[in-house]
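Given next are the chains, with one letter for each unit.
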Amino acid sequence: MENIFTQIRRDLHKIPELGFQEFKTQAYLLHYLESLPQTHLEIRTWETGVFVKINGLNPRKTIGYRADIDGLPIEEETGVDYLSQHEGRMHACGHDFHMSIALGLVTHFVHHPINDDLLFLFQPAEEGPGGAEPMLKTDIMQEWKPDMIIALHIAPEYPVGTIATREGLLFANTSELFIDLTGKGGHAAYPHKTNDMIIAACSLVTQLQSIVSRNVDPLDSAVVTIGKITGGTVQNVIAEKARIEGTIRTLSPESMAKVKQRLMAIVNGIEIGYECKAAVDFGAMYHQVYNDSTLTKEFMEFADKTEGIKVIECREAMTGEDFGYMLKEIPGFMFWLGVNSSFGLHHSKLAPDENAIGSAITLLTKYIEYKGN
Ligand SMILES: CC(=O)N[C@@H](CCC[C@H](N)C(=O)O)C(=O)O
């Protein structure tokens, strides 16, 4: 059984697609799901996502399980023989693992239904712009709304067999960040007749670094990362435009508000100092991932008693996850699944150990049977 899901992971690894463009991925998932016995199964699509309900034998509640399905705009450099076939796209955040584990669970439970109903969500666009919140608002979700919900994320830093999570806050609040600067371009030899947006962008990026170090409470962590700068046209033309793209992470909503307020003040200073216009767009925001205490504690205790599993109570992480929106409405939890890769998440050489797939399917099958029978 495990080998099937390793093969499925490899198939999905070859076809990474960006948020809300997961057409081949959705077709692959549907093709597989339609090949299963349909007696207990109901399948519905939403955008590029899929809802799968497995009707229980004597349902009292519904247990939800969410897997995200999108890839990242990264050129893969792993050298594996099932390399991404999509140029500049890679499953560098493990969503191929997340999907294959979810399919492993669906496969088990269509053959061995439990008393309670199960709802699996194959959710688009976790990396952006965010599929969880709109998926939650669909009529399908309102009709099939689970009473509890579970999700996992691969963790390259832990060995296979490790489960890491915590009660309460697990992942940060996030906000994307896009700033467009417009000045006056011109000849490289006449800087005094221009307003150079390369200089303005460099100064802005440097000044943004003072927000975390000087404006945020050091005991309430925050991150401001600029991942991309673009600007200019050619080496001997002073740039009229520059664009900065990044992300803000904070452990508290209060710090998010503070970071944004300070950022706007710094941007206003750049407009004055560099005689330019700045347009700020905060893009998609994700609600923090906050684990239900009772369910998380119970799962950690259950996992700890499972052969081959080691449970770690981890610290909060500054990663973001739109699963936070689901946990805001439905009690549940998210956990890290050890996959032992020397290259981390969002790295072009991320190489998770596929033994984690079978290990996760076995643990979650037992846990869902325990909760739903
Ligand atoms: C688990 C993980 O890596 N999630 C992403 C979520 C990205 C949210 C959004 N696009 C942003 O950049 O703020 C992460 O980068 O943490």
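Below, the structure is looked at part by part. (Residues numbered from 1 in each chain as written. Predicted model: local features only at pLDDT ≥ 70, side-chain atom pairs only at ≥ 80, totals over all residues.)

### Some remarks on helix 2 (residues 23-34)
Because an α-helix completes one turn every 3.6 residues, residues spaced three or four positions apart along the sequence face the same direction. Test applied: By the criteria applied, helices consist of DSSP H or I runs no shorter than four residues and strands consist of E runs no shorter than two, each listed in order from the N terminus. By definition here, a helix of n residues has an expected span of 1.5 Å times n minus one. For the exposure call, what matters is how many other C-beta atoms sit within 10 Å of a residue's own: 20 or more marks it buried, 12 or fewer exposed, and in between partly exposed, using C-beta atoms placed from the backbone. Our arc is simply the arc of the directions from the helix axis toward the C-beta atoms.
In this model, helix 2 (12 residues) spans 16 Å end to end at C-alpha, consistent with the 16 Å of a helix rising 1.5 Å per residue. Buried within helix 2 are the following residues: Thr-25, Gln-26 and Leu-29. The buried side chains of helix 2 occupy one side of the element, clustering within an arc of 95° when seen end-on. For helix 2, exposure combined with an orientation more than 90 degrees from the buried face picks out Phe-23, Ala-27, His-31 and Glu-34.

### Quick word on the pairing of strand 8 (residues 173-182)
The condition is simple: Only strands joined by at least two bridges in the DSSP assignment are considered to pair.
Bridge count between strand 8 and strand 12 (residues 241-250): 10 bridges; the pairing is antiparallel. Residue pairing across strands places Asp-180 opposite Arg-243, the latter belonging to strand 12. Pairing of strand 8 with strand 14 (residues 285-286), which is carried by two bridges, proceeds in the antiparallel orientation. Across the sheet, Ser-175 pairs through a bridge with Met-285, a residue of strand 14. With five bridges joining them, strand 8 and strand 13 (residues 277-281) adopt antiparallel strand pairing.

### Considerations on the sheet that holds strand 2 (residues 49-54)
Put simply, the test is: Axes here refer to lines fitted to C-alpha atoms; in helices the fit is confined to the stretch in contact. Angles between the N-to-C directions go from 0 to 180 degrees. Each residue is represented by a C-beta atom placed from its backbone, and any two residues with such atoms within 7 Å are regarded as in contact.
Strand order in the open sheet formed by eight strands is 1-2-4-3-5-17-6-16, and the pairing between neighbours is mixed. Each edge of the open sheet carries a strand with a single partner, namely strand 1 (41-46) and strand 16 (310-313). Adjacent strand axes in the sheet meet at a mean angle of 25° when their direction is disregarded. Pairing between strand 5 (residues 148-155) and strand 17 (residues 332-338): seven bridges, direction parallel. Paired with His-153 across the strands is Trp-336, a residue of strand 17. Relative to strand 17, helix 8 (residues 293-304) is tilted by about 35°, and along the sheet it contacts strand 5, strand 6 (162-165), strand 16 and strand 17.

### A few points about the pairing of strand 3 (residues 62-68)
With seven of its seven residues buried, strand 3 lies for the most part within the structure. Where strand 3 and strand 4 (residues 117-123) come together, seven bridges link them in parallel fashion. Among the inter-strand pairings, Arg-66 is bridged to a residue of strand 4, identified as Leu-121. Here strand 3 pairs with strand 5 via three bridges, running parallel. Paired with Ile-63 across the two strands is Met-148, which belongs to strand 5.

### Considering the packing of helix 6 (residues 197-214) against helix 7 (residues 253-274)
As a reminder, the rule being used: Comment on the angle field: the value is read as roughly parallel under 35 degrees, roughly antiparallel over 145, roughly perpendicular from 65 to 115, and oblique elsewhere. Two helices that cross are described as forming a left-handed crossing if the nearer one is turned anticlockwise from the farther one by less than a right angle, and a right-handed crossing if clockwise. As a working rule, the residues Ala, Val, Leu, Ile, Met, Phe, Trp, Tyr, Cys and Pro are called nonpolar, Asp, Glu, Lys and Arg charged, and the rest polar, with Gly in that last group.
Where helix 6 meets helix 7, the closest approach of the two axes is 10 Å, and the angle between their N-to-C directions is 150°. If you check the angle between helix 6 and helix 7, you find them roughly antiparallel. Considering only the axes of helix 6 and helix 7, their crossing is right-handed. Contact residues: helix 6 offers Ile-199, Ala-200, Ser-203, Leu-204, Gln-207, Leu-208 and Ile-211, while helix 7 offers Val-259, Arg-262, Leu-263, Ile-266, Val-267, Ile-270 and Tyr-274. Broken down by class, the residue content of the contact of helix 6 with helix 7 amounts to 11 nonpolar, two polar and one charged.

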